[in-house]
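Reading the structure
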Amino acid sequence: LGTVTTTAIDPPTTTAQVTSFSQCKAYLYYDVAGGGIVGGGGGAGYNYNIASVTVNGAGDFTIFVDRDFAGAAYAVVVCVQDNAANLIWRVNGQAAGSFDIHFRTTAGVLTSPDGFSVLCFGDLS
């Protein structure tokens, strides 16, 4: 049937964003054990529409998006990479321009994973 190719828009702009809700609007792979956002220099790595990540403490991370979502009602999908523990996660707080993720052991103790990835779906501002 053919292939549709679009140009990369980073950060996405109002006039050029892909508007379908099924399109990923932000993604990130964060290497906790290796020291942060993976890839090229200056924090620009395997991420899209992510401005920065703040480590608030063990197992507590705030992710700031580059171009805000239209509101706090967007989907955040998290995948955990950890070789030593069974961890659970939850989005602890969410706003148009950021979200906070907590990682805990099954005993409820905040614990940082080796790494994690995040995908976000929703409407951008």
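Summarising the element assignment, Asp100 is placed in strand β8 (residues 98-105). Buried charge without a partner: Asp100 forms no salt bridge, and the closest opposite charge is Arg90, 7.6 Å away. A polar contact is formed between the side chain of Asp100 and the side chain of Asn56, at a distance of 3.3 Å. In this view, Asp100 contacts Asn56, Asp60, Phe61, Thr62, Arg90, Val91, Asn92 and Gly93; residues no more than four positions away in its chain are not counted.

Attention now moves to the packing of aromatic side chains. Considering all chains together, one arrives at eight aromatic pairs under this definition. With 6.4 Å between their ring centres and 70° between their planes, Tyr74 and Phe99 make a pair best called edge-to-face. Taken together, the residues Tyr74 in the loop between β5 (60-65) and β6 (75-81) and Phe99 in strand β8 connect sequence positions 25 residues apart. In this pair, the class of Tyr74 matches that of Phe99, namely buried. Connected via pairs of aromatic rings, a cluster forms that spans Tyr30, Phe61, Phe103 and Phe116.

Conventions used here
- Residues numbered from 1 in each chain as written.
- Predicted model: local features only at pLDDT ≥ 70, side-chain atom pairs only at ≥ 80, totals over all residues.
- Heavy atoms only, no water.
- Helix = DSSP H or I, 4+ residues; strand = E, 2+ residues; numbered from the N terminus.
- Buried < 20%, exposed > 50% of the residue type's maximum accessible area, 1.4 Å probe, protein only.
- Lys, Arg positive; Asp, Glu negative; His and termini not counted.
- Salt bridge = Lys/Arg side-chain N within 4 Å of Asp/Glu carboxyl O.
- Polar contact = N/O pair within 3.5 Å; in protein donor to acceptor, adjacent residues only side chain to side chain.
- Contact = heavy atoms within 4.5 Å.
- Phe/Tyr/Trp six-rings, centres within 6.5 Å; stacked < 30°, edge-to-face > 60°.

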